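# Understanding the architecture of this molecule
If you want the building blocks of each chain, they are given just below.
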Number of protein chains: 2
Amino acid sequence: MNSEKKPVSLAVIRRLPRYYRYLADLERAGTTKISSKELAALMDLTASQIRQDLNYFGGFGQQGYGYNVSGLKTEIASILGINQSRGMIQLGAGNLGRAIASHIDFATSGFDLLAIFEVDPKLVGSHLGGHQILHVDEIEAFCRQQHPIAVSLCIPEEAAEDLVPRLIACGIKSFLNFTHYDIGIHYDNISVENVYIGDSLMTLAYKTAALEQ
Amino acid sequence: MNSEKKPVSLAVIRRLPRYYRYLADLERAGTTKISSKELAALMDLTASQIRQDLNYFGGFGQQGYGYNVSGLKTEIASILGINQSRGMIQLGAGNLGRAIASHIDFATSGFDLLAIFEVDPKLVGSHLGGHQILHVDEIEAFCRQQHPIAVSLCIPEEAAEDLVPRLIACGIKSFLNFTHYDIGIHYDNISVENVYIGDSLMTLAYKTAALEQ
């Protein structure tokens, strides 16, 4: 085992949630240990890819035994920081906002969804997925009290341009960004994860064209 | 200019939609040409990164002139295959399905959304974003007539396990997959683009923890 931390590329980090999901499924199914070969077959990877990915973090596997499923899952959770719970708010309770607040498990992803903000007076005051919908003008007062660090932006691009500086002034540092507003370009010392569904669709167009060749 | 095609990594392909969006914005704003340095400043990249990405496809830029905005946009559209229009269907008209069908511009991403399928009898027969909502049991008959090649899966994971084999039997080859069902593992000769919002949230947790260090 190697206790020195090597720099880990974001490409490896991005593969960890998938490992985490598979390990959580295995744990739920009662599997306590798994070899890199078995895990590779399950995830359609090679055993050497798996060993390479997990070696970045010091291994966790024992020769001839394999991985302890719960142990490895806990380690990955710790590496990703999802064993913590950081306050998050969401902006937008439209179709996308409703989908995110209802279907995404914030708690197992390291966040605690505290409240949802909207401009539409028809939605303000109601609840969504057990969360209160407040008016966007309450953001500042809410943040002074609850100190959320992250936001899920389910709003139009134009609204994001106006609201992002307000959020940053409130101490928000992390953005799950569904808008095309390129937040990372405009601000330093923040973290942004863009979910660009239109870009994924364009990439699918490329892959579809490649299939036809 | 190099007319030989080098193999292009998917990492480069995944960057092209962002170039495309910036070039489309520039074109809309009336900009006809741009240097790699100007484009780099706009996109928060280095000029050499831009030249490296675009050189994969033979360049397009002229020394001392820069890029022709419309020309480069057209080339990128052609590389991505989004200048074509492939028939697509969507499964699911719930919150996520409504968000996708209302907000995503399928036409500029190389697809033509033909119809949406649902199991909920309250939704079947109505319209969503100008598209007809049909019952899932009509998929086979619809595909025989309209020959869609792609699908957007806005349904629960369990439903995906049942429906994906039916879709493949209908000739569907490309999947925009919002479910955690790992389609690519189970079938060959298909293309899949996964949009795993929960994984993005976990990656954001990692980036947030990294900010705090």
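Computed from a predicted structure; not experimentally measured.

### A word on the confidence of the model for chain A
Looking at chain A, the pLDDT average stands at 91 and 93% of residues meet or exceed 70. Taken together, the chains of this predicted complex give a pTM of 0.90 and an interface ipTM of 0.92.

### Here's the deal with the sheet that holds strand E6 (residues 131-135) of chain A
Spatially, seven strands are ordered E5-E6-E4-E3-E7-E8-E9 (chain A) in an open sheet, and the strand pairing comes out mixed. What marks the edges here is a single partner per strand, and that holds for strand E5 (127-128) and strand E9 (191-194) of chain A. Note: strand E3 (residues 86-91) of chain A against strand E4 (residues 111-118) of chain A, six bridges, orientation parallel. Paired with Gly-87 of chain A across the two strands is Asp-112 of chain A, which belongs to E4 of chain A. Each of E3, E4, strand E8 (174-177) and E9 of chain A is contacted by helix H9 (residues 197-212) of chain B, which is oriented at about 165° to E9 of chain A, the strand it contacts most.

### A short note on a negative patch on the surface
Judged by side-chain charge, Glu-157, Glu-158, Glu-161 and Asp-162 of chain A come together as a negatively charged surface patch. Structurally, Glu-158 of chain A is set in helix H7 (residues 157-169).

### Some words on the environment of Ala-209 of chain B
Along the chain, Ala-209 of chain B turns up in helix H9. Sequence spacing of Ala-209 of chain B and Ala-159 of chain B is 50 residues, and the spatial spacing of their C-alpha atoms is 35 Å.

### So, helix H5 (residues 95-103) of chain A
One turn of an α-helix holds 3.6 residues; hence residues three or four places apart share an orientation. Within the span of H5 of chain A, buried status applies to Asn-95, Leu-96, Gly-97, Ala-99, Ile-100 and Ala-101 of chain A. Turning to H5 of chain A, the residues buried within the fold contact E3, E4, E5 and strand E7 (150-153) of chain A together with helix H5 (95-103) and H9 of chain B.

### Here we look at the pairing of E6 of chain A
It is a general feature of regular strands that their side chains alternate between the two faces of the sheet. Residues and elements named next belong to chain A. Sheet topology places E4 next to E6; three bridges connect them, and they run parallel. Residue pairing in the sheet places Ile-116 in a bridge with Ile-133 of E6. Of the pairings in the sheet, the one linking E5 to E6 comprises two bridges and is antiparallel in character. Bridge pairing in E6 links His-127 to Gln-132. What sits between E5 and E6 in their antiparallel hairpin is a turn of two residues, with Gly-129 showing a positive phi close to 55°.

### With respect to the packing of aromatic side chains
In total, this model carries two aromatic pairs over all chains according to the counting rule given. Measuring from centroid to centroid gives 5.4 Å for Phe-117 of chain A and Phe-142 of chain A, while their planes differ by 80°, and the two rings are edge-to-face. Linking Phe-117 of chain A in strand E4 with Phe-142 of chain A in helix H6 (residues 139-146), this pair joins segments that are 25 residues apart in sequence. What makes Phe-142 of chain A buried here is its relative accessible area of 13%. Directly above the ring of Tyr-196 of chain B sits Arg-21 of chain A, whose terminal nitrogen or CZ lies 4.4 Å from the centroid.

### Quick word on the nonpolar core
One recurring pattern in soluble globular proteins: nonpolar side chains tend to sit buried together. Ile-76 of chain A together with Ile-76 of chain B are the most contacted members of the largest nonpolar core, which totals 91 residues. If near-sequence neighbours (up to four positions away) are discounted, Ile-76 of chain B is found in contact with Leu-16, Tyr-19, Tyr-20, Leu-23 and Leu-54 of chain B.

### Re the sheet that holds strand E4 (residues 111-118) of chain B
Residues and elements named next belong to chain B. Pairing is mixed across the open sheet formed by seven strands, whose spatial order is E5-E6-E4-E3-E7-E8-E9. With partners counted over all chains shown, the strands left at the sheet margins are strand E5 (127-128) and strand E9 (191-194), one partner each. Note: strand E3 (residues 86-91) against strand E7 (residues 150-153), four bridges, orientation parallel. What sits directly across from Ile-89, in E7, is Val-151. Each of E3, E7 and strand E8 (174-177) is contacted by helix H7 (residues 157-169), which is oriented at about 170° to E7, the strand it contacts most.

### Concerning the pattern of salt bridges
Between side chains of opposite charge, a pair can form as their charged atoms come close. Considering all chains together, one arrives at 22 salt bridges over all chains under this definition. For Lys-122 of chain A, the salt bridge goes to Asp-120 of chain A, with nearest N and O atoms at 3.8 Å. Take Lys-122 of chain A: its relative accessible area is 72%, and that puts it in the exposed class. On the accessibility criterion, Asp-120 of chain A (24% relative accessible area) is partly exposed. With its nearest N and O atoms 2.8 Å apart, the salt bridge here joins Asp-53 of chain B to Arg-15 of chain B. Of the two residues, Asp-53 of chain B is situated in helix H3 (residues 47-55) and Arg-15 of chain B in helix H1 (residues 10-28); the sequence distance between them amounts to 38 residues. The class of Arg-15 of chain B is partly exposed, set by a relative accessible area of 38%. Salt bridges linked by common partners bring Arg-14 and Glu-193 of chain A together with Lys-207 of chain B together as one network.

What counts, and where the lines are drawn
Residues numbered from 1 in each chain as written. Chains lettered and ligands numbered in written order. Predicted model: local features only at pLDDT ≥ 70, side-chain atom pairs only at ≥ 80, totals over all residues. Heavy atoms only, no water. pLDDT = per-residue confidence, 0-100. Pairing = 2+ DSSP bridges. Helix = DSSP H or I, 4+ residues; strand = E, 2+ residues; numbered from the N terminus. Contact = heavy atoms within 4.5 Å. Axes fitted to C-alpha atoms, helices over the stretch in contact; angles between N-to-C directions. Patch = residues over 30% accessible without salt bridge, like charges linked within 9 Å, V, L, I, M, F, W, Y side chains within 5 Å. Areas by Shrake-Rupley, 256 points an atom, 1.4 Å probe, with all protein chains shown as cover. Salt bridge = Lys/Arg side-chain N within 4 Å of Asp/Glu carboxyl O. Lys, Arg positive; Asp, Glu negative; His and termini not counted. Charge placed at Lys NZ, Arg CZ, Asp CG, Glu CD. Buried < 20%, exposed > 50% of the residue type's maximum accessible area, 1.4 Å probe, protein only. Phe/Tyr/Trp six-rings, centres within 6.5 Å; stacked < 30°, edge-to-face > 60°. Lys NZ or Arg CZ within 6 Å of the ring centre and 35° of its normal. Core = buried A, V, L, I, M, F, W, Y, C linked by side-chain atoms within 4.5 Å.

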